[in-house]
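Residue-level structure breakdown
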Amino acid sequence: MRFHLNLHNAHVDTKDEEGIELFDLSDARAQAIAGIRDFLAGEVRRAGKLDLHGHIDIMDDCGSLLETVQFHEAVNILR
């Protein structure tokens, strides 16, 4: 099944035009979490800030929203 992972935060609105072939929604969620972690790591390296207010919308090939994964779901902040 083809999934599209659209990233949204205060600075970026990225629509995944190509999509990715994955087995199921669980795999798409895991891919979204990995993508969020990569994105946040880049933001920390670039700006030294960690903004957890974004999300990734997981869409099917017809454009229907299947699930939203919030940035804060992808990390565990230890204090």
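Report follows, based on the coordinates. (Residues numbered from 1 in each chain as written. Predicted model: local features only at pLDDT ≥ 70, side-chain atom pairs only at ≥ 80, totals over all residues. Heavy atoms only, no water.)

This part is about the nonpolar core. Nonpolar side chains in soluble globular proteins tend to end up buried together. If you look at the biggest cluster of nonpolar residues, it comprises 16 residues, and the most contacted ones within it are Ala32, Ile36, Leu40, Ile56, Ile58, Val69 and Phe71. Taken together, the elements giving at least two residues each to this core come down to β1 (2-8), α1 (25-47) and β4 (55-60). Ranked by residue count, the leading element in this core is α1, at six residues. Excluding its chain neighbours within four sequence positions, the residues that come into contact with Phe71 are Leu7, His8, Asn9, Ile36, Phe39, Leu40, Asp51, Leu52, Gly54 and His55. (Core = buried A, V, L, I, M, F, W, Y, C linked by side-chain atoms within 4.5 Å. Buried < 20%, exposed > 50% of the residue type's maximum accessible area, 1.4 Å probe, protein only. Helix = DSSP H or I, 4+ residues; strand = E, 2+ residues; numbered from the N terminus. Contact = heavy atoms within 4.5 Å.)

Residues Met1, Leu25 and Leu66 make up a contiguous nonpolar surface patch of about 240 Å² in total accessible area. Along the chain, Leu66 falls in strand β5 (residues 65-70). (Patch = residues over 30% accessible without salt bridge, like charges linked within 9 Å, V, L, I, M, F, W, Y side chains within 5 Å. Areas by Shrake-Rupley, 256 points an atom, 1.4 Å probe, with all protein chains shown as cover. Salt bridge = Lys/Arg side-chain N within 4 Å of Asp/Glu carboxyl O.)

A rise of 1.5 Å per residue sets the reference length of α1, with its 23 residues, at 33 Å; its end C-alpha atoms lie 32 Å apart and thus fit the reference within 8%. Taken residue by residue, α1 has Ala28, Ala32, Ile33, Ile36, Phe39, Leu40 and Glu43 as its buried positions. Contact partners of the buried residues in α1: β1, β4 and β5. Note on α1: the residue one or two positions beyond its end, Gly48, has a positive phi of about 70°. (Expected span 1.5 Å × (residues − 1).)

Everything listed is a geometric property; what it means functionally is a separate question.
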